[in-house]
Amino acid sequence: MLRPLCFKSSSSTPTFLSFSKHFQKGSFDSPFFFFRSSRRINNHPSSMAAMSTAPTQNGTVSTQDGTPQIIRQPVQVAKRLEKFKTTIFTQMSMLAIKHGAINLGQGFPNFDGPDFVKEAAIQAIKDGKNQYARGYGVPDFNNALAARFKKDTGLVIDPEKEVTVTSGCTEAIAATMLGLINPGDEVILFAPFYDSYEATLSMAGAKIKCITLRPPDFAVPIDELKSAISKNTRAILINTPHNPTGKMFTREELNTIASLCIENDVLVFMDEVYDKLAFEMDHISMASLPGMYERTVTMNSLGKTFSLTGWKIGWAIAPPHLTWGVRQAHSFLTFATSTPMQWAATVALRAPDSYFEELKRDYMAKKAILVQGLKDVGFKVFPSSGTYFVVVDHTPFGLENDIAFCEYLIKEVGVVAIPTSVFYLNPEEGKNLVRFTFCKDEETLRSAVERMKEKLKKKVI
Amino acid sequence: MEEKLSSVAKTFSPSPIQELSHLAQRCNAINLAEGFPDFPAPPPIKEAAVSAIHNDFNQYRHVQGICDKLALKMKKMHGLNIDPLTDIAICCGQTEAFAAAIFSIIDKGDEVLLFDPCYETYEGCITMAGGIPVYVQLDPPQWTLDPDKLMSSFTCRTKAVVLNSPHNPTGKVFSREELEVIAECCRRWDCVAITDEVYEYITFDDQKHETIASLRGMQERTIITSSLSKTFSITGWRIGWAIAPAAAASAVRNIHVKLTDSAPAPFQEAALTALSSPTKYFETIRIEYQLKRDLCMKLLDSVGFQIQFKPQGSFFLFAELPKDCMLSDVEYVKELIKKAGVVVVPGRGFFHGKSGSDGSCRHEKRYIRVAFCKSDATLNAAAQKFGELMNTRGCPKLYC
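Under an unreviewed UniProt entry, the name given to chain B is Aminotransferase class I/classII large domain-containing protein, and the organism recorded is Hibiscus trionum. Quoted straight from UniProt, the Cofactor (unreviewed entry) entry for chain B says "pyridoxal 5'-phosphate".

As named in an unreviewed UniProt entry, chain A is Aminotransferase class I/classII large domain-containing protein, taken from Hibiscus trionum. Among the UniProt annotations of chain A, the heading Cofactor (unreviewed entry) holds the following wording: "pyridoxal 5'-phosphate".

It is not clear to me how the domain arrangement of chain B should be interpreted in this structure. Could you clarify?
Accessible area lost when the parts come together is the quantity often used to give the size of an interface. All names here are of chain B. The assigned domain composition of chain B is domain 1 (2–41 + 280–387) and domain 2 (43–274). Here the C-alpha centroids of domain 1 and domain 2 sit 24 Å apart. Facing 34 residues of domain 1, the contacting portion of domain 2 comprises 36 residues. Our count for the contact surface shared by domain 1 and domain 2 stands at one salt bridge. In this structure, the salt-bridge partner of aspartate 205 is arginine 293, at a minimum N-O distance of 2.9 Å. Here domain 1 and domain 2 share 16 residue pairs in polar contact (both at pLDDT 80 or more) between them. Broken down by secondary-structure element, the contributors of at least two residues to the side of domain 1 that touches domain 2 are helix 12 (279–301), strand 9 (316–320) and strand 12 (367–371). Counting residues per element, the side of domain 1 that touches domain 2 draws most heavily on helix 12, at seven residues. When its residues are assigned to classes, the side of domain 1 that touches domain 2 shows 20 nonpolar, ten polar and four charged.

Any chance you could explain the UniProt feature "domain: Aminotransferase class I/classII large" (unreviewed entry) in chain A here in plain terms?
According to UniProt, the feature "domain: Aminotransferase class I/classII large" (unreviewed entry) maps to residues 102–451 of chain A in the numbering used here. Regarding residues 102–451 of chain A, the helix share stands at 43% and the strand share at 16%, and the terminal C-alpha atoms are separated by 9 Å.

Looking at this structure, I do not really get the confidence of the model for chain B. What am I missing?
Atom-level detail of predicted coordinates should not be read off regions where pLDDT is low. Averaged over every residue, the pLDDT of chain B is 90; the share at 70 or more is 90%. Contacts for the low-pLDDT stretch residues 1–14 of chain B, under 50 throughout, to residues beyond four places or in other chains number 30 contacts.

Parameters at a glance
- Residues numbered from 1 in each chain as written.
- Chains lettered and ligands numbered in written order.
- Predicted model: local features only at pLDDT ≥ 70, side-chain atom pairs only at ≥ 80, totals over all residues.
- Heavy atoms only, no water.
- UniProt positions renumbered as here; feature names shortened; annotations may be inferred.
- Domains from an automatic or database assignment.
- Contact = heavy atoms within 4.5 Å.
- Salt bridge = Lys/Arg side-chain N within 4 Å of Asp/Glu carboxyl O.
- Polar contact = N/O pair within 3.5 Å; in protein donor to acceptor, adjacent residues only side chain to side chain.
- Helix = DSSP H or I, 4+ residues; strand = E, 2+ residues; numbered from the N terminus.
- Nonpolar A, V, L, I, M, F, W, Y, C, P; charged D, E, K, R; others polar.
- pLDDT = per-residue confidence, 0-100.

This is the structure in C-alpha cells:
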C-alpha cells in the first residue's frame, strides 16, 4: 500500500487564540442559537475505586473469538496524564468501606439539600425543561447570578456578557485554565490546593510556581509572593475560603496581592465555592477590590451552599474579554449545563437571607462539635475560619506520615480523614497534616469523636 | 492588558449566521434547525429523575449500574465484551466524553482525521488539546468514503480518526465496507478510532448501526462515545459515556474527574431506568423518526428539492439546493425564513479544510440541513407553510 508522505500540516499554532475563526461563524448546533428559552469535593470514593495508576504498557484483552491478545499500547495516553495521581484516594476509600469507617474525609454532606430547591428541579423536569440549555446558561439563571453577585459584592455585571454557567465549579476552573492559559504561561498557585488545579494547569501546559501556606495560620508569605510574581506571570489562582485549611484570605492579603497583580498585569482566578461558609470573618471577593474586576475570574457553585454537590451547577463571572476565553473552552468541554438544575438554581439563589444565616449556624454548631472533639482527642487543631474543613497535626500519635496516620485511623479507629500531602506539589510539606470535614450530621460527628477518644492513643514522644 | 488577552475578541464580527438567527427570531419562524426535540421526554424517565431527587440522590455519585447496563447493551448490540468495572467512564454528555477522550490521547502536534462535512465541535476540542485536525472529504451526493483520499491523509503524525456514525449533518450510516477501510488504516498506522455514536438508535429502513470497535483488531484501539440525549430526548440532562480498553477508559475517567468531577447525580439514577427501556421503546423511536424523515423529504420535494441522499440515520436531512436555484445556502435560508417562516441550517458551517484542486468544495455553499426531531405538529405546520408557497402554476414561489 502507498506510504503516505510525512508532510507538515499547514494549521497554525494550536493555542486557544487560533480558534477565533471558528467561533466567529457561530454555531447552529450551539443551543440557543436562536436565543430563545425553550433549554467536592476532593474525594470521589466510588469513582476513585475505578481509577488506576498510570496505564500499563502491555495488557491482554479478549478478542471477539475469545483468544487473548496482547495490547501493544495501541491507545497511547497523552503525556499530560503524568500529573494525574489518584491511587492514594483509591486505597483510602476501599479501606474505609472494608472497615466500616465513619467518613469524615469526603467533602460532601451526608444530609440533603433544601426541599424548595429540589421541588424547583422536579417542577422544571415536569414542565419539560429537559433539552439543551443555552451554552453559557439559561437566561433567567444568568440574571439571578448577576443579581446575587451584586448583592454579595456590590458590583453590577451584565448577565449576557459576563456570566458563564458550567458543570460545577470544577468545570469553571478547567474552562478558565484551558480558555485563558497558553502553553508555557506562568501561573502561581498556593499549596495546599484542590487537586484539579494542578491537573488542569498541566493540561493547559502552564508553568506552575507554587507558594506554600504554612501552619499555624496559613498566612500568605508576602516576600515569597513578591519574588515569585513578575511581568512573566500570567495568572494567580486563589481559593478563599480555602480547602483544605479553612483559611480565609484577609483584606490586607488580598490588597497586597491585588497591587502586585496590577503592577505586573496579572490575571486572578478566584475559587470561592465556600463563600457562604465563612464563619470567623466576612468573605471578600477579589473582584470587588479597586482595579481588580477587569482582571479577575470569580468562580463559584451551588453544591456547597445548598448541599446538592451532585447537581454540578457552577459558574464563572468575569469581564467580557475574559469571559470570551472561558466560554470557548466551555463549549468544547461540555457544551451546555444540566437544564432542570439551572432552573432550580435560579430559585435557590433567590433564597431569603434567613436560609444563609441558618446554614452558617448549623455548620458552626457542627464545627464546634468536631473541633472540640479533635482537641480533646489530642490533635493539634489549626484554626479554620471558613469551609467545612479543618486541618490538624497528627504527629502526637506517632505515625510516620499523613498517609500512615490515615490508614491507622481507618483500620484501628474506624474514622476516615484525608492525608493532605496529596494537595502539595511537594508531598513532604503536608506529611504532618490531615484534613477532617464537618459536613455531616451531628450524630455522625459525635460518633466519630467518640471512636477517636476511645481508640486513638497518644504516643509518648 | 487588552492587547495581551483579547485579540480573539477583537477580531469577532457579526456573522451571517448570527444575522439569520436574529431574523428567525423576529419572524417567529418554525424551527427545523436546532438538533434537539420539541416534544417531551419519555414519562418513565422523567419520573425516575423526579424520584431520584426526592430520594436524596443529590450528592456526588458514580452510578456503577449504568456501566453494567451499558456492558450488557454492547454485548447484545455488537457482540463486544466490555468490563463494566474498568472499561467505561460516565461523563457530562457525549461532549465531555469526547473532550476527555481527546485530552487523554492527543499530544501537541498529533494529527486527527475527521470526515467532512463534520459537526463543528470536534475541531475546537482537538485544537484545544494541541492536536491538528485533518479533514477527509466525503464525496457527494452519497457522501461515500474514498479509500484513496483516506489513506493519503495518514501521516506519521496521525494519532486518531474521529468517526461519527450515524452522521451529523448528512444522516449517513457508514457501511461495513467503509468501516473496514477505516479499520484497516487504523491497524496499519497504529491509530485510535474515537467514535461519536449518539444517534446509534436512530437508523432507518434496514440499516443497522455498527460500531467500528466490533471489527477485527479494533476494540483495543477504539474509544466509543455516546449518550442518553438523542435516544431518550433529554439533551439537557448531560449523561454520556466513553467505552474503551481499560487503560484508555481509566485515562478518560481521570481527565473527566478533573474537568467536571461527575455527571449530574439524579440523572445518573434516571439513566438506569432509561437504559432498562424495553426493546419496544427502541423500535418505536426508529419507526417514529422514520415517519418524520419521510415527511421531511416530502416537504422538501414539494418546494423543488431533488433529494439524492436519503438519510439512513440520525434526525438530519442534508439537502442540496435545487439545481435551478441560484442562491447560496445562507441566502436560501434567509428566503425560507422570510417567505415560509421556517428556519433550517446553511450547510457551509459543516465544511472545513481547503478546497481541493478539483473544486471539491464548490458544493459547500449548496446544502441545507433540516432537523426532523420535531413533533408532528411542528412538521405539519412547516408542511402547511410550504404548501402556501406553491403558486398557481404549481411552482414553488421561493426563488422564482
